[in-house]
Amino acid sequence: MTMEIGVPEGHGGKKMAADGQSALARFGHGFVAGGWTMYPVLLLLIIVGAFIAPRFLSFINIINILEQVSVLGLTTIGLTFVLLIGRLDLSLEGVVGFAPMLAAVMLVPAAAGGFGVELPQWMGLIVALGCAGLIGLFNGFLVVKVGLNPFISTLGLLVLLRGGILIISNGRSIYSPGESLTWLGSAQIAGIPMAVFVFLIVATVVGLVLKYHRYGRALYAIGGNEDAARAAGINVDRMIWSAFFFAGLLAGLAGILLTGRLDSAVTTQGQGIIFSAFAAAVIGGVSLGGGRGTIVGVVSGVLLIGVINNLLTLAQVPSFYVQASTGAVIIIAAILTTVASRRSGGVKTRT
Amino acid sequence: MEQIRPIVEMRGISKTFGSTRALRDVDFTLEEGEIHALLGRNGAGKSTLVSAMSGYTPADTGTIRIASTEFNVDGSSYAARIRGDIAHVQQTPQMFDLLSVAENLFLENDLVRNRWGMVSYTRMIEKTEKLMRDWNMDIAPSDLAGELGAGQRQLLEIMKALSRGVPVIILDEPTAALSNAEKRVLFDQVKLLKTAGVSFVYISHHLDEIFEIADTVTILRDGQVVKSRASVEGLDTETLANLMMGEKTTRSAREDHTFGDAAPLLSARQVQLKPDRPKIDIDVRPGEIIALAGPVGSGKEDLAMVLAGQQAPASGQVSGPNGALPTIGLVPTDRHASGYVGILGVRENVALGGLEVLSGNFGFISKAKEDSLVNRLTRQTDVIASSLDQAVSQLSGGNQQKVVFARALCRDPQIIVALSPTRGVDVGAKEQLYALLRDLASKGLGVIVVSDEEDEISQLANRVVIVFEDRIVDEMVGDYRMEDLILHMEGAT
């Protein structure tokens with residue numbers, strides 16, 4: 001970190017680039033800021049895993065891990081939109097369960113637990129995503145227009161949606177809700193589940209948008225300093241609405257993948273996923289205070305959780321221990337991420 | 001009989017931040033009952049030195065004696081040991097917004113506690129009311145600190161320090177947010193305490209204040225003392241400025257680029273800042289630098305924000321020549337609060353002002369366009385950073401402000417609205433920003449500046465608009481004299 005004092009006039013910003021920081025420090029900063037911190041850890045885990053369980057590195061198992069994490073991955077990417085602007089959305093967990101359930105009860109006949117509306121099959125995906133998007137917009141409304149703290153408003157909505165799932169389904173899971181709703185989560189291309197492609201495509205698109213699109217720039221700016229973003233001419237309110245909207249939409253998509261994998265809309269669907277999503281985001285270097293975080297990092301967080309769960313299962317660790325050790329790993333990873341970003345960020349000077 | 005010795009003695013103080021040596025082997029003494037001004041440009045180490053003195057940021061090496069407490073410094077915290085001897089008023093008020101004025105003033109103060117440590121509210125209210133009378137302030141003890149104006153908050157912070165009854169008080173830029181009237185009250189109180197034997201360390205960018213209030217001056221440059229304990233009587237503004245700069249400086253003069261008969265770029269018609277206030281008409285012409293002046297709370301900031309299109313007036317209309325608003329670049333009043341995004345780099349901060357200009361296909365930012373624009377603007381505003389990716393929070397105040405200016409210029413604006421454009425900025429950067437504003441005016445931009453500083457206004461403005469109680473009370477155009485300006489600004493208070 002440098003602070004220039006008394007440099008003669010007439011030198012633009014660029015000139016200083018060469019002598020300001022060492023190449024190593026620049027690399028370290030870029031490494032952490034880009035969200036690559038956890039990848040060495042991930043690599044280490046994979047190497048260790050290969051020794052513990054020979055099956056770990058098999059093609060089938062790797063695909064299995066990726067399929068497992070796709071639901072968590074989409075939810076976490078959704079959550080990242082909201083976290084980047086310094087807000088949070090607990091209701092995403094409710095959306096993962098509610099959106100596909102609503103679509104399911106609209107599709108199946110009354111005899112199978114539906115409403116008796118029996119919408120045409122192709123409507124399934126639209127109803128689920130539409131519902132998810134509307135819930136996101138409603139969150140935006142509560143935060144922007146009503147001015148509620150998102151912790152309270154989305155907590156309320158989470159509980160409401162969990163109850164709503166039981167109401168609309170009468171407390172019963174709905175089996176085989178229809179091709180359009182389950183296709184994304186069950187189809188395979190060349191032996192690789194569609195869900196994996198959905199996750200990778202969404203991660204790539206969102207990653208590019210956050211990094212290179214003006215929408216992403218505006219998100220980071222709002223998370224860093226909302227008033228400065230407003231003064232720069234960014235429509236902050238609309239950005240907040242949109243962040244909640246995309247979060248809801250992606251959680252809905254995650255729910256659809258889950259319903260597809262199970263070929264049924266289950267009443268407990270998505271329960272507890274919000275905690276894993278927060279963990280994955282934080283492990284991946286997303287700041288809960290807003291303004292910091294990358295999709296590269298988020299993916300590392302999601303993969304880390306997926307790999308650990310998989311390894312512990314393969315190593316036949318009793319399931320009680322799996323949960324506790326996931327928690328321990330979350331804390332360790334969060335410490336690592338925080339220390340890394342502090343080391344690379346330097347301290348603030350006072351003048 | 002003890003011999004008279006300085007109340008504060010600091011020897012060989014050094015402090016390093018990362019790779020920056022903020023203080024190098026600095027000696028500093030403060031005599032009893034003296035007002036000792038500490039001068040230097042931004043980044044010279046003034047705030048670091050006083051923070052080392054109060055223990056707010058402990059120094060790395062050296063020895064310090066304050067009153068009867070003497071100790072060696074090794075980087076560990078010593079603030080608690082000298083708490084009874086020294087008070088440090090920071091640059092920005094640090095108040096508890098949700099506590100009342102009285103609670104803020106007497107927090108952690110033994111004067112309002114009884115012998116069992118219980119706080120007596122009656123005593124607290126009594127003491128607050130007396131303080132308010134002494135300071136000529138119209139604030140109820142039960143008002144919430146968060147609801148006060150910037151000047152009042154600053155004064156409260158100072159009152160809190162002064163009423164603790166300590167022998168040494170540090171005032172770091174105490175007048176930045178104060179109106180002239182508030183400044184008067186502050187100076188009176190400081191002089192009063194001085195006669196009672198209290199010693200002050202006083203930091204300010206306003207040299208006229210130094211001449212008015214200080215006895216002794218110490219000047220820092222690049223973390224070192226360049227002038228120690230000089231008596232104010234033997235000094236003048238130019239000498240001080242030169243010592244601070246380390247090179248000969250002359251104050252720049254205003255230029256007039258107004259195109260007399262050109263159509264206005266922006267017109268406000270029948271604008272009311274608040275309901276039931278008089279209506280305001282004002283035009284902004286190309287090449288003109290307008291200063292909005294007036295006491296704190298006069299509505300000058302509101303008027304500027306209305307003209308900038310950032311705030312809706314209670315009634316009336318602001319429009320350009322063909323009805324629509326022209327492109328306007330805004331430099332907000334408090335750069336820390338709303339100027340820059342500290343965790344982002346110079347590049348991202350500048351580009352933020354023109355995201356839609358920089359984005360091409362499907363809204364993705366064009367790297368080439370961004371690079372060329374950011375390079376051009378940071379050169380135009382003279383931003384100095386280790387790289388364009390350096391976080392803006394790590395830059396000095398002057399460079400942060402230049403980044404904010406660069407951002408405001410992103411969309412090629414026809415009008416620039418700059419609120420307190422050089423607050424907390426050193427002399428060198430100040431002149432650069434003035435030159436920038438004049439240059440913009442010469443290119444036909446309309447420039448609106450909100451300022452509390454007479455010097456700044458007289459160096460910039462071709463037209464001074466005095467705002468008081470949400471209306472325009474006075475206007476001076478063209479070749480006004482400094483004396484008139486001061487009189488007009490005083491007259492409004």
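The model shown is predicted, which means the values in this text are computed figures rather than measured ones.

Chemist: Let's hear about the pairing of strand E11 (residues 266–272) of chain B: which residues, and what values?
Modeler: All names here are of chain B. The buried fraction of E11 is high, at five of seven residues. Relative to strand E12 (residues 280–284), E11 is paired through four bridges, and the arrangement is antiparallel. Within the sheet, the bridge partner assigned to Val271 lies in E12 and is Ile280. Sheet topology note: the E11/strand E14 (residues 315–319) ladder contains four bridges and is antiparallel. Counterpart to Ala268 in the pairing with E14 is Val318.

Chemist: Give me the lowdown on the pattern of salt bridges, citing residues and values where you can.
Modeler: According to the stated counting rule, one finds 28 salt bridges over all chains in the structure shown. A salt bridge links Arg184(B) to Glu212(B), with the shortest nitrogen-to-oxygen separation between them at 2.2 Å. Placement of Arg184(B) in helix H5 (residues 180–195) and of Glu212(B) in helix H6 (residues 207–213) is noted, with a sequence separation of 28 residues between them. By relative accessible area, which is 37% here, Arg184(B) ends up partly exposed. Between Arg254(B) and Asp479(B) there is a salt bridge; the shortest N-O distance is 3.8 Å. Of the two residues, Arg254(B) is situated in the loop between helix H7 (237–245) and E11 and Asp479(B) in the loop between strand E19 (471–477) and helix H16 (482–491); the sequence distance between them amounts to 225 residues. Judged by its relative accessible area of 75%, Asp479(B) is exposed. Connected via shared salt-bridge partners are Arg87(A), Glu226(A), Asp227(A), Arg230(A) and Asp237(A).

Chemist: Which residues make up the confidence of the model for chain A, and what are the values?
Modeler: Residue and element names in this part refer to chain A. When the pLDDT values of chain A are averaged, the result is 88; 91% of them are 70 or greater. Scored below 50 in pLDDT, residues 1–20 shows 40 contacts in the model against residues more than four places distant or in partner chains. A low-confidence stretch, residues 346–351 stays under pLDDT 50, and its non-local contacts, those more than four residues away or across chains, total 20 contacts.

Chemist: Could you give an account of the domain arrangement of chain B, naming the residues involved and the relevant values?
Modeler: Residues and elements named next belong to chain B. Along its sequence, chain B is organised into domain 1 (8–245), domain 2 (251–326 + 414–493) and domain 3 (342–410). Listed as interface residues are 15 residues of domain 2 and, on the opposing side, ten residues of domain 3. Together, Gln432, Leu433 and Leu436 form the three largest contributors to the area buried by domain 2 at its contact with domain 3, with a combined 44%. In this structure, the connection of domain 2 to domain 3 is made through zero salt bridges. Our count for the domain 2 to domain 3 interface comes out at two residue pairs in polar contact (both at pLDDT 80 or more). Counting only elements with at least two residues in the side of domain 2 that touches domain 3, the list comes to strand E16 (415–419) and helix H14 (427–442).

Chemist: Lay out the packing of aromatic side chains with the relevant residues and their values.
Modeler: Applying the stated criterion across every chain, the model contains ten aromatic pairs over all chains. A centroid spacing of 5.8 Å and a plane angle of 35° characterise the contact between Phe27(A) and Phe31(A), whose relative ring orientation is tilted. Here the residue Phe27(A) and the residue Phe31(A) both occupy positions in helix H2 (residues 23–33), the gap between them amounting to four residues, near one helical turn. For Phe27(A), a relative accessible area of 54% puts it in the exposed group. An aromatic cluster is built from Phe81(A), Tyr215(A), Phe245(A) and Phe246(A), whose rings are joined through pairwise contacts. Against the face of Trp116(B) rests Arg115(B), its NZ or CZ located 4.9 Å from the ring centre. Cation over ring: Arg254(B) sits above Tyr480(B), and NZ or CZ is 4.0 Å from the ring centre.

Chemist: Explain the sheet that holds strand E13 (residues 289–293) of chain B to me, and be specific about the residues and the numbers.
Modeler: Residue and element names in this part refer to chain B. Spatially, E15-E16-E17-E13-E18-E19 is the arrangement adopted by the six strands of the open sheet, whose pairing is mixed. Edge positions in the open sheet fall to strand E15 (328–331) and E19, since each of these has one partner strand only. Shown here is a sheet whose adjacent strand axes are inclined to one another by a mean of 15°, direction ignored. Both E13 and strand E17 (residues 446–450) contribute to a ladder of four bridges, which runs parallel. Residue pairing across strands places Ile290 opposite Ile448, the latter belonging to E17.

Criteria and cut-off values
Residues numbered from 1 in each chain as written. Chains lettered and ligands numbered in written order. Predicted model: local features only at pLDDT ≥ 70, side-chain atom pairs only at ≥ 80, totals over all residues. Heavy atoms only, no water. Buried < 20%, exposed > 50% of the residue type's maximum accessible area, 1.4 Å probe, protein only. Helix = DSSP H or I, 4+ residues; strand = E, 2+ residues; numbered from the N terminus. Pairing = 2+ DSSP bridges. Salt bridge = Lys/Arg side-chain N within 4 Å of Asp/Glu carboxyl O. pLDDT = per-residue confidence, 0-100. Contact = heavy atoms within 4.5 Å. Domains from an automatic or database assignment. Buried area = accessible area lost by both parts, 1.4 Å probe. Polar contact = N/O pair within 3.5 Å; in protein donor to acceptor, adjacent residues only side chain to side chain. Phe/Tyr/Trp six-rings, centres within 6.5 Å; stacked < 30°, edge-to-face > 60°. Lys NZ or Arg CZ within 6 Å of the ring centre and 35° of its normal. Axes fitted to C-alpha atoms, helices over the stretch in contact; angles between N-to-C directions.

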